Each structure stands twice: as structure tokens, then as C-alpha cells.
Amino acid sequence: MGVLKYTSMPLHLLIGNYKPMRFTCEKYTYSDEYTLSKDSAEYGDYILHIESGDIQDHGELNRTSIDMQEHVKDIEMFLKYITGTCLFMSSDSFDYRRKRFIVAGVCPNGWSTNYPELDELLDTNKIRLEISHHPSRPYAQIPESPLEELKIILERYKKADKNIRYLMRLNYEADTASDAVRCLVYGKVLEIIDALHPLKGKSDKRIDECFDGMQELFKGKTIKDLMGLANTRADSRHYAAQKGTVIPHPFLTYEELGIYCPLIDNLAVNEVRGHFDLPMVLLVGA
């Protein structure tokens, strides 16, 4: 009688060799479209379509809708490990959340304000400037259509190691987490990676042995170094500096955040990609 369709918002991607693709995996059919942006040379607009099978009655429609709502959330997560970026997130932050844009008069979701009225009443400047608040949207550059790798992940995800599935969700949630808890989530992500590749001996050679190709990005840093930060910073894994006290460790500094967050994210993305036999990527310049 009919097909239920879900369509993504335009995602900002620069795709090197795009070819339209369509495939069916289990209950759903996936297709995409891509147009170069008129407003930017850095990205085009990529749209993903997901369709159900034929739906016969209203009860089946409701069941399919509930199922697809959960499924598209998984697709958003999968795209993180294809593009390296949480494409559905808008943010006022940049530089791995170390800096934020804060504009006077902007109202948080769920609240209203009389700022515009007071602004007009108190502003004595005859020259008035209108400032529009537009949260930043992430974009990524990839060589092929995301559907190429999405198909691989969809076919293997249910049989993937449970630790990898949890790692995928946790690292994705770090992107969407608030500033207050993001480093804590990354600490848990790092703990899983450390457990998947336990340290052998005193010298940490795991980047060379398990993540070959990331040496230049790490610049001599090791997983052991990252674990050291995770274990001795108040906003990561352990708050108290001494047992039996509430004296906290120091918080991660601006410089440490620039190491801690992007390196753990790179480890997690490539741990996942390696599990699905996808080539390594380096997330740089964020």
C-alpha cells in the first residue's frame, strides 16, 4: 500500500568521487543524492534517503515508524565513523570545544527573553547593526560516497564485537555531550581502547603496532600518556587526587584539551574502522 521514507537534512560534505548509489540491507533500502553548494567551495549538500518495505496497514505503519526512528539514530552514529564528524550536530564551539561563540541576546532552548526590547530601549547608538545567530554546522571531506562504507557497516554491525559496538556509541556521544562531561566520556573511550590493546612491557609501542600511520599525529605521545591524563585530571576519569578526600586533581588545561580530545577521537574512529576492515583516516585541523 505504501512505503515509509526518512530523508536526512542536507549534510555538508566534500566528496571527491561521488556516484549515486542504492542498495537494500535487511528491511530497508538506502539511496543518496549530492549537489555542490552554491554558497561554499568547501562542501556540497549530501542527502541520505532510507525507505521501508511495502506497508499494508496502519498498525504496521506505526511499528515501522518506531523501528525506523531508532534506526536513523544508528545511521547518524555510523556516519561519524565514515566521515570522522558528527554531521547532525550544530554547535557554538570550535577547536575541539576549547573555544565557544557566545552572542548576547541568544536564548537557550526552552526559554524566552525580553532582550530585544531592552536592547532597543537602551541602545543609544544611531547606527544599528542586526546580528543573526547561526550555530555552526560541521562538514567533512571524504573520497567516495558514504554509502560505500555504510553498506559494509550495516552488513556487519549486528555481528560486531560487543565492545566495539559500545565504543562506537560512547565515542559518538562524546561529540554530542556537554562541555562538563565530554572529557569524562573520552576517558571511558580511552579505557576501552587500552583494554583492547593492553600494554606489554614498560615501553608503550601500541601506536606503532596497532595504529601504524598515526605516528605523525601523535608526535611521540602514547596511549599510556593519554591514560596518565585521564587518570589525573578532575574532568576526566578520576576527580579526587587522594582516596578519602575531596581534593580534586587539576582540570585539563587548554593545551591538554587540544591533545586529549582529538587523539582519543582518532584512536576510537580508527579502532572502529579497523574492525570493519575500512582504511585508516586521520582527523586533523578541527
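Here is what the cut-offs are and how they apply
- Residues numbered from 1 in each chain as written.
- Predicted model: local features only at pLDDT ≥ 70, side-chain atom pairs only at ≥ 80, totals over all residues.
- Heavy atoms only, no water.
- Helix = DSSP H or I, 4+ residues; strand = E, 2+ residues; numbered from the N terminus.
- Buried < 20%, exposed > 50% of the residue type's maximum accessible area, 1.4 Å probe, protein only.
- Core = buried A, V, L, I, M, F, W, Y, C linked by side-chain atoms within 4.5 Å.
- Contact = heavy atoms within 4.5 Å.
- Pairing = 2+ DSSP bridges.
- Patch = residues over 30% accessible without salt bridge, like charges linked within 9 Å, V, L, I, M, F, W, Y side chains within 5 Å.
- Areas by Shrake-Rupley, 256 points an atom, 1.4 Å probe, with all protein chains shown as cover.
- Salt bridge = Lys/Arg side-chain N within 4 Å of Asp/Glu carboxyl O.

A.B. asks: I keep staring at unusual backbone geometry and nothing clicks. Help me out?
C.D. replies: Phi is mostly negative for residues that are not glycine, and the peptide bonds are mostly trans. Here Lys219, not a glycine, exhibits a phi torsion of approximately 50°, which is positive. Its place among the elements puts Lys219 in the loop between α7 (215-218) and α8 (223-231). Of the residues examined, Lys219 reaches a relative accessible area of 69% and is grouped as exposed.

A.B. asks: What is the right way to look at the nonpolar core in this model?
C.D. replies: Nonpolar side chains tend toward joint burial in soluble globular proteins. Ranked by size, the top nonpolar core spans 69 residues in total, and within it Tyr30, Tyr46, Ile75, Phe78, Met168, Tyr260 and Leu267 carry the most contacts. Broken down by element, the residue count for this core peaks at 9 residues, all from helix α9 (residues 254-275). Residues within four places of Tyr30 in sequence aside, it is in contact with Met21, Arg22, Phe23, Cys25, His49, Ile50, His71, Ile75, Leu147 and Leu154.

A.B. asks: Would you take a moment to explain the pairing of strand β4 (residues 28-36) for this structure?
C.D. replies: Along a regular strand, successive side chains alternate from one face of the sheet to the other. Taken together, the 4 bridges between strand β3 (residues 22-25) and β4 define a ladder with antiparallel strand orientation. Note on β4: the bridge partner recorded for Cys25 is Tyr28. The turn linking β3 back onto β4 is made up of 2 residues, and Glu26 within it adopts a positive phi angle of 55°. By the bridge criterion, 8 bridges tie β4 to strand β5 (residues 44-55) in an arrangement that is antiparallel. Residue pairing in the sheet places Leu36 in a bridge with Gly44 of β5.

A.B. asks: I keep staring at a nonpolar patch on the surface and nothing clicks. Help me out?
C.D. replies: Taken together, the side chains of Leu118, Leu121 and Leu122 make up a nonpolar region of the molecular surface, amounting to roughly 330 Å² of accessible area. Looking at the secondary structure, you find Leu118 in helix α2 (residues 115-122).

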